[in-house]
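A look at the structure
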Amino acid sequence: MRAAIAIAVLSLVGPTGAAEAQDGIPVKSPLVEAACGSCHASDDAGRMSRISWQRKSAEGWQITVIRMMRTGNISLSPEEARDVVRYLTDHHGLAPEEERPYFYLAEQRPHQEAFAEDEDLIQETCSRCHLTARFRTQRRTAEEWDLLKGMHVGYFPTIEGQTFRGENPEERWAVDRVLDQLKEKYPFETPEWRTYRAKGPGPGIAGRWFFRGSQPGSGPIGGIVEFRPDDGSGGNYGYEANLIHGDGTGERRLGAGVLYGGFSFRGRSQGDSLEQRRAALMLSDDGQTLTGRLFSGRFGETGLDVTLTRAAGGVQIGAAWPPAGQTGTTATGVRILGAGFAEDAVSSLDFGAGVTVQDARRVSEMELLVDLRIDADAPLGYRDVSAGGIRLVDGFAVHDGVDYIRVTPEMALSRVGGAVAPKQFVQFEVSGWHRGPDGETLTDDDLALGPVDVTWTTEEYFIRDEDADTRFVGNIDERGLFTPGLDGPNPERELMADNMGDVWVVAEHEDPETGETLRDRARLVVSPPVFLYWDLFPQRTGQ
């Protein structure tokens, strides 16, 4: 069978022995040579066929290694497989500028991909099976792009008639025209890669970092993370996070991860509140900021955006919670989350005109607890929160009432599961909004007031009579977490149909003073399970 595949591949792309104009990247890892050398020959300069003329992200090399283990009879322990991926990503990877636009793939962030006007064929030929980030995070020589076509036809012969030939068999294959675009847009050698290699990998991430993020449905999180190198290689790290949630709950997290190429971090951590989370973080060019996402769930659907800044000493402010207060009231128990709060930090607290700090105390280095009096005639709008000479810009809003609410995400996808396939959950969130200085709602000057108390329900998204999707697709709890129904036929549903469907997710907030009910809704599609995981296979293996 392997011989047949090899003949099919070579017959499509021709001889593969000749090197191209690019020099290629020598392989200097004994482990990679031992694992891959039986099929990928090395020349006198240490360049290995195929490998030395490709560059990929960590996810790209991970998928390649897993495929070789599945189909190439290569036996590697999990530790060896990780080391191979680590070496290839460090030395045959991407420059930060090449990876950053598509980092949502590593973050498993829901993302609506866009296509240029000349990319209709790419969308039709490649995106039926792959996120575009899959191939946009690869750089190959022209010959290697051609070999990718051969690999697809060798492994998946039906693809020739499905998409590769195109609609008109008399024309040049559609995939060949796609490859022309990929060769031009994603060549092996790029200015970004040359600049990155000349600069070197950077200072690493060892040390203390100020952490700030916001958990959908729960509120802000702040604290301190300390990264410690695990070995002398400069890439493996252990880390400890001491965090404070918006409700005052503390959390200690322990984790470990790898900094690929000196700028792209992948890790896992465990804690009591957020439980196990994976991390994908990108280091800024100046080495002072890490941004990315912590996520969990089979599809990475439960996640929070985070920013880490090097802790250089002094005060740092991450969030005020709640983030808004109404005129003519007293806001008690407002938490200021940050780092470096000294004993005298409360004496310098300021929320701007019309807001008086009645009482404040330092709970810890990372938390202040404040009671505020907001004058009835206090100017409306965002305020900077300042302490110790540091400002949290637009960190607190003063308003005279909630004018409307908004549900996010506005559209969402869930998947039934639990029997054969895993479920895909959705976390919804509601924020209150004020009409802003112009007195009109849904304009750019409106004020975000943070979460408000709501009642969650689902309503029918009408498609056909007697659909009854709300009875079967799943349930949403008081925190806005939607749990889909079981996969497979449902004996209680007409014709034993499954539990898929379309519904509105509805949030209602009752104003405690006027009794007025504010309402918003989002569309939710509950779809079939994913039974095949071509792009996500490595995550299932735990590699």
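Owing to the predicted nature of the structure, the values given are computational and were not obtained by experimental measurement. Numbering of residues starts from 1 in each chain and follows the order in which that chain's sequence is written. Totals for whole chains, interfaces and linings use all residues, but because this is a predicted model, local features are given only for residues with pLDDT of at least 70 and pairs of side-chain atoms are given and counted only at 80 or more. The side-chain numbers reported here are obtained from all heavy atoms of the structure, hydrogens and water having been left aside.

**Some remarks on the overall build of the protein**
- Numbering of helices and strands runs from the N terminus; a helix is a DSSP stretch of H or I covering at least four residues, while a strand is a stretch of E covering at least two. A count of helices and strands for the protein gives 14 helices and 27 strands.
- A compact globule built from 543 residues should have a C-alpha radius of gyration of about 24 Å, and the protein, at 27 Å, falls within 12% of that.
- Once the C-alpha set of the protein is aligned to its principal axes, its extents read approximately 80 × 65 × 40 Å.
- Burial here depends on accessible area, computed with a 1.4 Å probe over protein chains only, as a share of the maximum for the residue type. Under 20% is buried, over 50% is exposed, and the range in between is partly exposed. Within the protein, the fraction of its 543 residues that count as buried is 48%.
- In what follows, a contact means two residues having at least one pair of non-hydrogen atoms within 4.5 Å. Counting contacts in the protein only where the partners sit at least 6 residues apart, residues at least 24 apart contribute 59% of the total.
- Total accessible area on the protein is roughly 26200 Å²; 50% of this is exposed by carbon and sulfur atoms. Radius of gyration here uses only the C-alpha atoms, and the compact-globule reference equals 2.2 Å multiplied by the residue count raised to the power 0.38. The Shrake-Rupley method, run with a 1.4 Å probe sphere, supplies the accessible areas, and residue values consider only the shown protein chains as cover.

**Looking at the side chain of Asp502**
- Secondary-structure assignment places Asp502 in strand S26 (residues 501-510).
- Two N or O atoms count as a polar contact when they lie within 3.5 Å, although within protein this holds only if one can serve as hydrogen donor and the other as acceptor, and sequence-adjacent residues are included solely when both atoms are side-chain atoms. Among the polar contacts made by the side chain of Asp502, one reaches the side chain of Arg523 at a distance of 2.7 Å.
- Setting aside chain neighbours within four positions, we find Asp502 in contact with Glu460, Tyr461, Ile463, Asp469, Arg523, Leu524 and Val525.

**Focus on the pattern of salt bridges**
- Any Lys or Arg side-chain nitrogen located within 4 Å of an Asp or Glu carboxyl oxygen qualifies as a salt bridge. Counted according to the given criterion, the structure contains 40 salt bridges.
- Linking Asp90 and Arg86 is a salt bridge whose minimum nitrogen-to-oxygen distance equals 2.8 Å. A residue pair is termed a helical-turn pair when its members lie 3 or 4 positions apart in one helix, as Asp90 and Arg86 do in helix H4 (residues 78-91) at four residues.
- Asp90 gets classed as partly exposed once you look at its relative accessible area, which sits at 22%.
- As a salt-bridge pair, Arg519 and Glu508 come within 3.3 Å of each other at their nearest N and O atoms. Taken together, the residues Arg519 in strand S27 (residues 517-527) and Glu508 in strand S26 connect sequence positions eleven residues apart.

**Focus on the sheet that holds strand S12 (residues 324-326)**
- Strand order across the open sheet formed by three strands is S12-S17-S16, with mixed pairing between neighbours. Strands with a single pairing partner mark the edges of an open sheet, and in this sheet they are S12 and strand S16 (381-387). For this sheet, the mean angle separating the axes of adjacent strands, direction not counted, is 35°.
- In this scheme, strands are said to pair when DSSP sees at least two bridges between them. Pairing between S16 and strand S17 (residues 390-399): six bridges, direction antiparallel. Within the sheet, the bridge partner assigned to Tyr382 lies in S17 and is Ala397. Whenever a helix is involved, its axis is fitted only over the stretch in contact; in every case the axis is a line through C-alpha atoms, and angles between N-to-C directions fall within 0 to 180 degrees.

**A short note on empty space enclosed by the protein**
- Grid points spaced at 1 Å over the protein atoms alone were grouped into cavities, where a 1.4 Å probe fits but cannot get out, and pockets, open sets with protein on both sides within 12 Å along at least five of seven lines, with lining residues defined by an atom within 4 Å of a point. Grid points are joined across faces, edges and corners, and a volume is the space filled by probe spheres set on the points. The full count for this structure, using the stated rule, is two cavities of 30 Å³ or more.
- Of the voids in this model, the largest cavity is the one considered here, and its volume is about 120 Å³.
- What lines the largest cavity is a set of 14 residues, and nearest its centre among them are Phe211, Val225, Tyr239, Ala241 and Leu294.
- Among the secondary structure elements, those contributing two or more residues to the lining of the largest cavity are strand S4 (219-229), strand S5 (236-245), strand S7 (264-270), strand S8 (277-283) and strand S10 (302-310).
- It is S5 that provides the largest number of residues to the lining of the largest cavity, a total of three residues.
- Under the convention adopted here, Pro, Cys and the residues Ala, Val, Leu, Ile, Met, Phe, Trp and Tyr are nonpolar, Asp, Glu, Lys and Arg are charged, and Gly plus all remaining residues are polar. The residue inventory of the lining of the largest cavity, partitioned by class, reads twelve nonpolar, one polar and one charged.
- A volume near 30 Å³ is recorded for the second largest cavity.

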